[in-house]
Amino acid sequence: MTANNLINIVRQVTFWAIIGLGALLTLIGGDFDLSPGSVVGLVSVLSAMTIQADLHNSLVLPILVTIGVGLAVGLVNGILIAYLNMPAFIATLGTQLLVRGLALYISNGRPVSNLDETFTFLGGGSIGIIPVPVIILIILALLTWYLLKYTRLGRHIYAIGGNAQAAVVSGVNARAVKLFTFVFAGVMAAISGMILTARVASGQPSLGEQFEMKAISGCVIGGVSLKGGIGSVYSLICGILVIGVLNNGMDLMNVSGYMQQIAEGVILILAVLLDVFRSRTAK
Amino acid sequence: MSNTPLLKMEHIRKVFPGVVALDDVSLTIREGTVHALMGENGAGKSTLMKILTGVYARTEGTILWQGKELDTSSITNVLESGITMIFQELNPIRTMKVCENIYVGREPYKIRGILLDRKKIVEDTRALFEDLGITDIDPNEMVGNLTVAKMQMVEIAKAISYNAKLIIMDEPTSAISEKECQHLFRMVNNLKQRGIAFIFITHKMDEVFQISDEITIMRDGTYVGTYDAGKITHDELVRLMVGREITEMFPKEEAKITDVKLEVSGLTVPGLLEDISFQVHKGEILGFAGLMGAGRTEVMEALFGIRKISSGTIKIDGKEVQIHSPKDAIKYKIAFLTEDRRTTGCFLPLSVRDNIMVCSYDQVSNGMKKISIGKEKKVCKEQIERYAIKTPGQDQIIGNLSGGNQQKVLIARWLLTQPDIIILDEPTRGIDVGSKSEIHKMISRLAGQGVAVIMISSELPEVLGMSDRIMVMYEGKITGEVLREEANQEVIMRYASGITDEAV
């Protein structure tokens, strides 16, 4: 493995890892979110369109649009699940389809290209030898780590995932906390979408397909429990790196794309099996 | 028929790890009779029935069914022998029709395994209902649309269609109206004529005398006796059910009882609680007694903001307060140690520390709302020492602790909030004797510090031993208030069975 290789892996996993931070919170809270991949697509289209429309080529508008999309999708997911008691699987599968459809509709299915350099720097540029996306990931990961470890809100996320009923009795506003995890997941997906768009230098409605699965697999491989209450930023990073190395390895060995997809399916199933066994031995 | 009893259970003993649940219990049921099985919560009635129906394996004893050894190795075997149990929580398949429910698993086919004979299912059901005199249930109705009483009828009909000779009903009248109850009893009387026997598990005295021929009383897992229903009185029955002296010692210390801390008046939750009013003073331990399902937990849930109330007021220190959620309740310095540790208490995957701290993060945070891990560990260490929690460390997952230690962790959690009012719902259920007396000492100490304590307990000796005053509930209402000096098991059992106006 060369240094170049390593940078490749890190670049590749950065986008999944940022989504993974959101997945981490929803999983610790005892739910999961299937919509992030679609959020990437919608953000890609909209941020590309706004950067083209903005005559001053400033980043303000694209960033606002990005955060706005993340907040909106997160709020819809959170309200459906936390306040209207919908199962997360169905609710976020619904938004997954809806948001992807929206991205395709707005862009007419075509990519938006010719993006300004101030924007593409976010995805392709480096400060020193460190790529900008990696810097963004480090900042977001530290933020998430702090949130989980040092704030009441973070601890309450563990509480609702550990036992939602007991959390309510303990005075935790479980609905609000759950809503927060989905909004956070939405915003993380949106940020990932924006820098990925900058990296590929065009807005693509189909960008980010199945990223949510990469993020969830990464979490579970790292030891985040699907039943809630267990997980940390550290476990997410470890798990995502495993996935990155596997992907990179398969690329290097010229494994075909179809075969890679099969392998990813197998890995996801194995990861979930691992989680089942872990929680069984804990009993 | 012959003199061989239908069922003869003799010298039944059941040992669960560490506990003798049943010791030398006998039960004899004659054909065509109704037999009431009575006793306090935890007397072992359900355990005995679970042994009979093959849910539990007995440790010792014999079961003779029509004079022959009964094979209780599987639930199906017992069912095929002609014994059916109808549970308190009825479990029909609500999304299926009445007739489909009755014949589920043995549907008649036109072509075996392929084409159902729907017409025959309906006709058979109709014939069955006609035979039993059930006229008001349509075989094509969805079971989910039926009232509880009608579902019971369907369950009985199903039992009969299995050629049941003995039908066990666990608290059959707890969820149905007086009229429906009479209807049920008429049906039971009819079936008696055909030689079918019934075992009724019930707490309601008047019904026992109305319907049963014989009464067997159990107490603390032992057999007290079997009596002819015509030759025993209410009072004798109550005395036999509780009939034990208080042998355990409760470390109740004298505490100074001062001003009224909490005043609840007219608390009502439609269908569950009716006009609940009581007061608790500082330094007082107020006991709540009653049978399971009497509504004691529901009162506390309403008070703590878990359950919505339709009317009623709550006053703390004389001022009316609005409590809409547990968060509000905690703000008013109320703590609630819930009944069920696993479902509403412990965060099983989390550490002892997380479990202790969950309500009190503000205490260990700085001005920027940042939690100080150091402070957190220090506070936890103090709590673990103060309440003598046996754990290898703060990071231990709470799921790995014993029940008694889990309970102590939860107590540590609530006392860390420094409550003025603490509600303890069955604080010592399922806990070893050692932890139990530690918890009792702690309750006394709290009262001594001026905390207003409300304690729900189904163990009468515990209620009697610990409380300064006892409220007794029956079917969502408070039926009696007893002072410590006047309290004894008979008085409380009488109120708890809904007998309010009879002379003592």
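Residues numbered from 1 in each chain as written. Chains lettered and ligands numbered in written order. Predicted model: local features only at pLDDT ≥ 70, side-chain atom pairs only at ≥ 80, totals over all residues. Heavy atoms only, no water.

Here we look at the packing of helix H3 (residues 60-83) of chain A against helix H9 (residues 174-200) of chain A
Residue and element names in this part refer to chain A.
Part 1 of the argument: Between H3 and H9, the shortest axis-to-axis distance is 7 Å and the interhelical angle comes to 145 degrees. For the pair H3 and H9, the crossing hand works out as right-handed.
Part 2 of the argument: When its residues are assigned to classes, the contact of H3 with H9 shows 17 nonpolar, six polar and two charged. (Axes fitted to C-alpha atoms, helices over the stretch in contact; angles between N-to-C directions. Helix = DSSP H or I, 4+ residues; strand = E, 2+ residues; numbered from the N terminus. Left-handed = near helix turned anticlockwise from the far one by under 90°. Nonpolar A, V, L, I, M, F, W, Y, C, P; charged D, E, K, R; others polar.)

Examining the interface of chain B and chain A
Part 1 of the argument: Contacts between chain B and chain A engage 29 residues on the former and 23 residues on the latter.
Part 2 of the argument: For the pairing of chain B and chain A, the buried interface totals around 2,000 Å² over both sides, and the portion due to carbon and sulfur atoms is 61%.
Part 3 of the argument: Across the chain B-chain A interface, the total number found is three salt bridges.
Part 4 of the argument: We note a salt bridge from Asp-362 of chain B to Arg-152 of chain A, for which the minimum N-O separation is 3.0 Å.
Part 5 of the argument: For the side of chain B that touches chain A, the secondary structure elements donating two or more residues are helix H10 (326-331), helix H11 (341-345), helix H13 (373-386) and helix H14 (403-416) of chain B.
Part 6 of the argument: Per-element tally for the side of chain B that touches chain A: the top contributor is H11 of chain B, with four residues.
Part 7 of the argument: Looking at the side of chain B that touches chain A, its residues break down into 16 nonpolar, five polar and eight charged. (Contact = heavy atoms within 4.5 Å. Buried area = accessible area lost by both parts, 1.4 Å probe. Salt bridge = Lys/Arg side-chain N within 4 Å of Asp/Glu carboxyl O.)

A look at the nonpolar core
Part 1 of the argument: If you look at the biggest cluster of nonpolar residues, it comprises 142 residues, and the most contacted ones within it are Leu-262, Phe-278 and Ile-356 of chain B.
Part 2 of the argument: Top contributing element to this core by residue count: H9 of chain A, with 14 residues.
Part 3 of the argument: Looking at which domains feed residues into this core, each of domain 2 (258-333 + 419-504) and domain 3 (353-417) of chain B gives three or more.
Part 4 of the argument: Excluding its chain neighbours within four sequence positions, the residues that come into contact with Leu-262 of chain B are Phe-278, Gln-279, Val-280, Leu-303, Ile-314, Lys-315, Ile-316, Ile-421 and Ile-454 of chain B.
Part 5 of the argument: Residues Ile-102, Val-154, Ile-156 and Phe-198 of chain B belong to the second largest nonpolar core, which totals 37 residues. (Core = buried A, V, L, I, M, F, W, Y, C linked by side-chain atoms within 4.5 Å. Buried < 20%, exposed > 50% of the residue type's maximum accessible area, 1.4 Å probe, protein only. Domains from an automatic or database assignment.)

Thoughts on the confidence of the model for chain B
A low pLDDT score tells you not to read the predicted coordinates there in detail.
All names here are of chain B.
Part 1 of the argument: Residues with a pLDDT of 70 or more make up 94% of chain B, whose mean pLDDT is 87.
Part 2 of the argument: Here helix H8 (residues 234-242) stands out as the element of chain B with the lowest mean pLDDT, 80, in contrast to strand S18 (residues 334-337), whose mean of 96 is the highest.
Part 3 of the argument: In the model output, the complex is listed with pTM 0.77 alongside ipTM 0.87. (pLDDT = per-residue confidence, 0-100.)

Digging into the domain arrangement of chain B
Residues and elements named next belong to chain B.
Part 1 of the argument: According to the domain assignment, chain B consists of domain 1 (7-242), domain 2 (258-333 + 419-504) and domain 3 (353-417).
Part 2 of the argument: Centre-to-centre, using C-alpha coordinates, domain 2 lies 26 Å away from domain 3.
Part 3 of the argument: Taken together, the contact pairs 14 residues of domain 2 with ten residues of domain 3.
Part 4 of the argument: Interface area, domain 2 with domain 3, both sides summed: about 1,000 Å², of which 68% is carbon and sulfur.
Part 5 of the argument: The tally of links between domain 2 and domain 3 comes to one salt bridge.
Part 6 of the argument: Salt-bridge contacts for Lys-408 lead to Glu-438; the nearest nitrogen and oxygen are separated by 3.0 Å.
Part 7 of the argument: Put simply, domain 2 and domain 3 have three residue pairs in polar contact (both at pLDDT 80 or more) between them. (Polar contact = N/O pair within 3.5 Å; in protein donor to acceptor, adjacent residues only side chain to side chain.)

Digging into the pattern of salt bridges
Part 1 of the argument: In this structure the tally under the stated criterion is 26 salt bridges over all chains.
Part 2 of the argument: Across the salt bridge formed by Arg-13 of chain B and Glu-60 of chain B, the nearest N and O atoms sit 3.8 Å from each other. Of the two residues, Arg-13 of chain B is situated in strand S1 (residues 7-16) and Glu-60 of chain B in strand S4 (residues 60-65); the sequence distance between them amounts to 47 residues.
Part 3 of the argument: Relative accessible area serves as the criterion here: at 46%, Glu-60 of chain B is assigned to the partly exposed category.
Part 4 of the argument: One salt bridge in this structure joins Arg-194 of chain B and Asp-131 of chain B, with 3.1 Å as the shortest N-O distance. Of the two residues, Arg-194 of chain B is situated in the loop between helix H6 (178-193) and strand S10 (197-201) and Asp-131 of chain B in helix H4 (residues 118-132); the sequence distance between them amounts to 63 residues.
Part 5 of the argument: Accessibility expressed as a relative area gives 44% for Arg-194 of chain B, which makes it partly exposed.
Part 6 of the argument: Three or more residues joined by partner-sharing salt bridges are found here, namely Arg-155 of chain A together with Asp-354 and Glu-376 of chain B.

Digging into the packing of aromatic side chains
Part 1 of the argument: Within this structure, the stated rule accounts for ten aromatic pairs over all chains.
Part 2 of the argument: Ring centres 6.3 Å apart and planes at 65 degrees place the aromatic pair Phe-198 of chain B and Phe-200 of chain B in the edge-to-face group.
Part 3 of the argument: Judged by relative accessible area, which is 0%, Phe-198 of chain B ranks as buried.
Part 4 of the argument: Members of the aromatic cluster, each reached through a chain of ring pairs, are Trp-145, Tyr-146 and Tyr-150 of chain A.
Part 5 of the argument: Lys-370 of chain B extends its terminal NZ or CZ atom over the ring of Tyr-150 of chain A, reaching a point 4.2 Å from the ring centre. (Phe/Tyr/Trp six-rings, centres within 6.5 Å; stacked < 30°, edge-to-face > 60°. Lys NZ or Arg CZ within 6 Å of the ring centre and 35° of its normal.)

Some points on the sheet that holds strand S15 (residues 285-290) of chain B
Residue and element names in this part refer to chain B.
Part 1 of the argument: Overall, mixed pairing links the six strands, which are arranged S18-S19-S20-S15-S21-S22 in an open sheet. Edge strands, defined here as strands with exactly one partner in the open sheet, are S18 and strand S22 (477-483). Neighbouring strand axes in the sheet, compared pairwise and without regard to direction, differ in orientation by 20 degrees on average.
Part 2 of the argument: Of the pairings in the sheet, the one linking strand S19 (residues 421-425) to strand S20 (residues 452-456) comprises five bridges and is parallel in character. When the sheet's bridge partners are listed, Ile-421 is paired in S20 with Ala-452.
Part 3 of the argument: Relative to S20, helix H9 (residues 296-303) is tilted by about 145 degrees, and along the sheet it contacts S15, S18, S19, S20 and strand S21 (469-474).
Part 4 of the argument: Against the sheet, H14 engages S18 and S19, with an angle of about 170 degrees to S18. (Pairing = 2+ DSSP bridges.)

Let's talk about the pairing of S15 of chain B
In regular strands, side chains alternate between the two faces of the sheet.
Residue and element names in this part refer to chain B.
Part 1 of the argument: Counting buried positions along S15 gives six out of six residues, so the element sits mostly inside the fold.
Part 2 of the argument: Burial along S15 is two-sided: Ile-285, Gly-287 and Ala-289 facing one way and Leu-286, Phe-288 and Gly-290 facing the other are all buried.
Part 3 of the argument: Here S15 runs beside S20; their pairing, made up of four bridges, is parallel. Note that in S20 the partner of Phe-288 across the bridge is Ile-456.
Part 4 of the argument: The pairing of S15 with S21 spans five bridges and is classified as parallel. Bridge pairing in S21 links Gly-290 to Met-473.

Focus: the sheet that holds strand S14 (residues 273-281) of chain B
Residue and element names in this part refer to chain B.
Part 1 of the argument: If you walk across this open sheet you meet the four strands as S14-S13-S16-S17, and the pairing is antiparallel. On the outer flanks of this sheet lie S14 and strand S17 (319-321), each paired with one strand and no other. Sheet twist, expressed as the average angle between the axes of neighbouring strands with direction ignored, equals 20 degrees.
Part 2 of the argument: Looking at chain direction, strand S13 (residues 260-269) and S14 are connected through six bridges and run antiparallel. Opposite Val-269, over in S14, you have Leu-273 as the bridge partner.
Part 3 of the argument: Strands S13, S14 and strand S16 (311-316) of the sheet are contacted by H9, whose axis makes an angle of about 75 degrees with S14.

Some points on unusual backbone geometry
Residue and element names in this part refer to chain B.
Part 1 of the argument: If you check the backbone angles, Asp-24 has positive phi at about 55 degrees while not being a glycine.
Part 2 of the argument: Position of Asp-24 among the secondary structure elements: in strand S2 (residues 19-29).
Part 3 of the argument: Exposure remark for Asp-24: the relative accessible area of 42% places this residue in the partly exposed category.
Part 4 of the argument: You will see that Asp-275, though not glycine, has its phi angle at about 50 degrees, which is positive.
Part 5 of the argument: Turning to its location among the elements, Asp-275 is positioned in strand S14.
Part 6 of the argument: In this structure Asp-275 comes out as exposed when scored by relative accessible area, which is 53%.

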